[in-house]
Amino acid sequence: MKYFLIAGEASGDLHASNLMVALKERDPEADFRFFGGDLMQQAGGPPVKHYREMAYMGVVPVLLHARTILRNMRICREAIREFRPDAVILVDYPGFNLKIAKFVKMELQLPVYYYISPKIWAWKTYRIRSFRRYVDRMFCIFPFEPAFFQKLNYPVDYVGNPSVDAVAAYREQAGCRKDAFFRTNGLTGQPLLALMAGSRRQEIRKNLPVMLATASSFPDHQCVIAGAPGLERQDYEPCMGGKAIPVIFGQTYAILEHSHAALVTSGTATLETALFRIPQVVCYYFWGGQLVNFLFRHFFHVPYISLVNLIAGREIVRELFGAEFTRERIQAELDRLLYNAAARDRMLKGYDEVIRALGQPGASQRTATLILEALANDRKCENESICQ
């Protein structure tokens with residue numbers, strides 16, 4: 001069968017690529033077209049469009065690149081129309097993907113599956129209307145999502161979490177020996193402090209300078225920047241003040257495996273850090289200071305921004321954003337995690353709660369199986385209606 005997938009950022013590229021591999025295991029004749037990245041290319045050939053040409057976040061960047069975004073949407077629609085897939089599989093990235101879902105459903109009448117739900121449990125709950133109209137089936141990756149969608153009368157499938165799969169696969173390959181990792185990357189023997197400043201250039205410009213300033217207060221640790229897929233060292237250098245700080249690409253799990261603690265932006269990285277049981281401070285720049293914290297408390301539907309806390313249903317990791325995103329606050333929390341054994345132990349026990357809630361690996365395999373079963377049922381219904 002033919003599948004068209006759309007992933008608009010690095011984490012989507014990873015999870016979509018694993019889904020493509022799982023689909024090929026069950027459907028050896030699988031043929032893919034996609035908007036995605038390097039990992040999807042390894043799984044299914046060259047992309048129609050790379051996500052680095054699509055990853056715009058925030059009102060201003062979107063407005064500045066509106067013409068490019070509209071052009072990408074036209075290219076995507078025409079590629080789907082020409083390819084005429086058996087199914088369109090959307091991976092998060094709602095601003096773009098929900099518009100494509102409407103086109104696919106209304107104009108082409110093709111099955112639409114959504115893998116990794118947009119976070120409407122946090123904001124923009126009105127998007128449920130689009131899901132009901134244009135998405136045949138939703139596959140969710142957080143254990144709290146089915147109950148949320150059930151309240152909206154929209155049944156979904158919890159398939160497990162792909163980060164659990166990715167970390168398990170890394171560990172099955174025996175990970176990376178600490179001495180080899182340090183030697184290969186020119187690191188000293190000091191404990192590692194991992195800096196994970198985001199996957200987009202604008203995130204890095206805002207988060208990394210404060211992270212680096214904080215790390216400089218801990219000379220007994222060496223900091224390492226986990227380079228995001230699709231970016232290069234030159235994307236980080238303007239934030240580094242001329243310092244020769246290691247920026248290591250393609251080895252995020254090895255960095256986490258051998259780190260003593262981490263400063264992490266919100267998103268998948270917070271969950272990956274928890275899966276490696278590395279104490280972390282979640283710190284994220286938002287323009288607006290106190291206003292951001294006020295809006296979050298009064299207009300968002302969730303009490304936390306980090307996946308770790310959302311899954312646990314309580315504060316496991318400290319979240320410093322808006323007015324709390326300061327060097328002094330981040331430094332105080334990091335100091336606590338580095339040198340207070342009881343604080344580290346409490347966080348690790350909280351991580352264990354999260355890991356149990358997520359369940360066993362196999363999200364990609366479960367999703368692939370459910371997609372193929374749904375397609376087979378659709379074909380059976382079509383054949384029965386024809387026979388009648």
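What you are looking at is a predicted structure, and each value in this text was computed from that prediction instead of being measured.

Chemist: Hey, could you go over the overall build of the protein for me, with residue numbers and the actual values?
Modeler: Check the secondary structure of the protein and you find 17 helices and 13 strands. At 21 Å, the protein has a C-alpha radius of gyration in line with the 21 Å of a compact globule built from 388 residues. Considered along the principal axes of its C-alpha atoms, the protein spans approximately 75 × 45 × 40 Å. By the burial criterion, 51% of the 388 residues in the protein qualify as buried. Long-range contacts, defined as pairs at least 24 residues apart, comprise 66% of the intrachain contacts of the protein with a sequence gap of at least 6. Of the accessible surface of the protein, which amounts to about 18000 Å², a share of 52% is contributed by carbon and sulfur atoms.

Chemist: Could you give an account of the side chain of Asp27, naming the residues involved and the relevant values?
Modeler: Tracing the sequence through the fold places Asp27 in the loop between helix H1 (10-26) and strand E2 (31-36). Separated by 3.0 Å, the side chain of Asp27 and the backbone nitrogen of Met1 make a polar contact. Among the polar contacts listed, one links the side chain of Asp27 to the side chain of Tyr3, at a separation of 2.7 Å. When neighbours within four sequence positions are excluded, Asp27 is seen to be in contact with Met1, Tyr3 and Leu372.

Chemist: Help me get a handle on the packing of aromatic side chains, residues and values and all.
Modeler: A full pass over the atoms with the stated rule returns 21 aromatic pairs. On the numbers, 6.1 Å between centres and 35 degrees between planes, the contact of Phe35 with Phe96 is tilted. With a gap of 61 residues between them, Phe35 in strand E2 and Phe96 in helix H5 (residues 94-108) connect regions that are remote in the sequence. When sorted by exposure, Phe35 lands in the same class as Phe96, which is buried. Geometrically, the ring pair formed by Tyr170 and Phe276 is edge-to-face, given 5.8 Å between the ring centres and 70 degrees between the ring planes. You can see Tyr170 sitting in helix H8 (residues 162-172) and its partner Phe276 sitting in the loop between helix H12 (268-275) and strand E12 (280-284), a full 106 residues away along the chain.

Chemist: Talk me through the sheet that holds strand E4 (residues 87-91); I want residue IDs and the actual numbers.
Modeler: Spatial ordering of the open sheet is given by E3-E2-E1-E4-E5-E6-E7, a layout of seven strands whose pairing is parallel. One side of each edge strand has no neighbouring strand; the edge strands of this open sheet are strand E3 (49-50) and strand E7 (157-158). Along the sheet, H1 makes contact with strand E1 (2-7), E2, E4 and strand E5 (112-115), crossing E1 at roughly 165 degrees. Along the sheet, H5 contacts E1, E2, E4 and E5; its crossing angle with E5, the most-contacted strand, is approximately 160 degrees.

Chemist: Can you tell me about the layout of surface pockets, naming the residues and giving the values?
Modeler: One number sums up the size of the second largest pocket: a volume of about 280 Å³. Elements represented by at least two residues in the lining of the second largest pocket include exactly helix H10 (201-215) and strand E9 (222-227). Top contributing element to the lining of the second largest pocket by residue count: H10, with four residues. When its residues are assigned to classes, the lining of the second largest pocket shows 14 nonpolar, three polar and one charged.

Chemist: Tell me about the sheet that holds strand E11 (residues 259-264), and please be specific about residues and values.
Modeler: If you trace the six strands from one edge of the open sheet to the other, you get E10-E9-E8-E11-E12-E13, paired in parallel fashion. If you trace the sheet from one side to the other, it starts and ends with strand E10 (247-249) and strand E13 (319-321), each paired once. Along the sheet, successive strands turn relative to each other by an average axial angle of 25 degrees, direction set aside. As paired strands, strand E8 (residues 192-196) and E9 are joined by four bridges and run parallel to one another. By the bridge assignment, Leu193 is partnered in E9 with Cys223. Along the sheet, H10 makes contact with E8, E9, E11 and E12, crossing E8 at roughly 160 degrees.

Chemist: Explain the pattern of salt bridges to me, and be specific about the residues and the numbers.
Modeler: For side chains of opposite charge, pairing can occur when their charged atoms come near one another. Overall, the coordinates contain 16 salt bridges when judged by the stated rule. The partner of Lys105 in a salt bridge is Asp136, and the shortest N-O contact between them spans 2.7 Å. One end of the pair, Lys105, is in helix H5; the other, Asp136, is in the loop between helix H6 (128-134) and strand E6 (137-140), with 31 residues separating them in the sequence. In this structure, Arg201 and Asp235 form a salt bridge, with 2.9 Å as the shortest nitrogen-oxygen distance. Of the two residues, Arg201 is situated in helix H10 and Asp235 in the loop between E9 and E10; the sequence distance between them amounts to 34 residues. Exposure remark for Asp235: the relative accessible area of 16% places this residue in the buried category. Ionic contacts of the salt-bridge type, sharing partners, join the residues Glu9, Arg200 and Glu203 into one network.

Chemist: Residue-level account of the packing of H12 against helix H16 (residues 341-358), with values.
Modeler: Between H12 and H16, whose axes approach to 9 Å, the crossing angle comes to 105 degrees. Between H12 and H16, the crossing angle belongs to the class labelled roughly perpendicular. Mapping the contact onto sequence places Leu271, Thr273, Ala274 and Leu275 in H12 and Tyr351, Val354, Ile355 and Leu358 in H16. Along the lines of polarity and charge, the residues of the contact of H12 with H16 split into seven nonpolar, one polar and no charged.

Chemist: Before we move on, could you go through H1 and cite the residues and values that matter?
Modeler: Taking 1.5 Å per residue as the helical rise, H1 with its 17 residues ought to reach 24 Å, and the 25 Å between its terminal C-alpha atoms agrees with that figure. Burial in H1 covers these residues: Ala10, Gly12, Asp13, His15, Ala16, Ser17, Leu19, Met20, Ala22 and Leu23.

Chemist: Tell me about unusual backbone geometry, residues and numbers included.
Modeler: One non-glycine residue, Arg84, lies in positive phi territory at about 50 degrees. With respect to the helices and strands, Arg84 occurs in the loop between helix H4 (66-83) and E4. We classify Arg84 as partly exposed; its relative accessible area is 43%. Positive phi, normally seen in glycine, also occurs at Asp92, with a value near 50 degrees. Within the element layout of this structure, Asp92 appears in the loop between E4 and H5.

Calculation notes
Per-chain numbering applies: the sequence of each chain, read as written, is numbered from 1 onward. Thresholds applied to this predicted model are a pLDDT of at least 70 for local features of residues and 80 or more for the giving and counting of side-chain atom pairs; totals over whole chains, interfaces and linings are not thresholded and use all residues. Note that water and hydrogens are dropped before the side-chain values are worked out from all heavy atoms of the structure. Segments assigned H or I by DSSP are reported as helices when at least four residues long, segments assigned E as strands when at least two residues long, and all are numbered from the N terminus. Restricting the calculation to C-alpha atoms gives the radius of gyration, and the globule rule supplies 2.2 Å times the number of residues raised to the power 0.38. Type-normalised accessible area, obtained with a 1.4 Å probe on protein chains alone, sets the label of each residue: buried when under 20%, exposed when over 50%, and partly exposed for intermediate values. Throughout, a contact is declared for two residues whenever any of their heavy atoms are within 4.5 Å. Computed with the Shrake-Rupley method and a 1.4 Å probe, the accessible areas treat only the protein chains shown as cover for residues. Polar contacts, as counted here, are pairs of nitrogen or oxygen atoms within 3.5 Å of one another; within protein the pair requires one atom able to donate a hydrogen and one able to accept it, and residues that are adjacent in sequence qualify only if both atoms are side-chain atoms. Centres within 6.5 Å make a pair out of two Phe, Tyr or Trp rings, where for Trp the six-membered ring is used; the pair is then stacked when the planes are under 30 degrees apart, edge-to-face when over 60, and tilted otherwise. Any two strands are treated as partners once DSSP identifies two or more bridges connecting them. Convention adopted: a line fitted to C-alpha atoms gives each axis, helices being fitted over their contacting stretch, and angles between N-to-C directions are expressed from 0 to 180 degrees. Definitions used for this entry: grid spacing 1 Å over protein atoms alone; cavity, a set of points where a 1.4 Å probe fits but cannot get out; pocket, an open set with protein on both sides within 12 Å along at least 5 of 7 lines; lining residue, one with an atom within 4 Å of a point. Grid points are joined across faces, edges and corners, and a volume is the space filled by probe spheres set on the points. Under this grouping Gly is polar, as are all residues other than the nonpolar Ala, Val, Leu, Ile, Met, Phe, Trp, Tyr, Cys and Pro and the charged Asp, Glu, Lys and Arg. A side-chain nitrogen of Lys or Arg and a carboxyl oxygen of Asp or Glu constitute a salt bridge if their distance falls within 4 Å. Roughly parallel means an angle under 35 degrees; roughly antiparallel means over 145; roughly perpendicular covers 65 to 115; every other angle is labelled oblique. A helix is expected to reach a length of 1.5 Å times the quantity of its residues less one.

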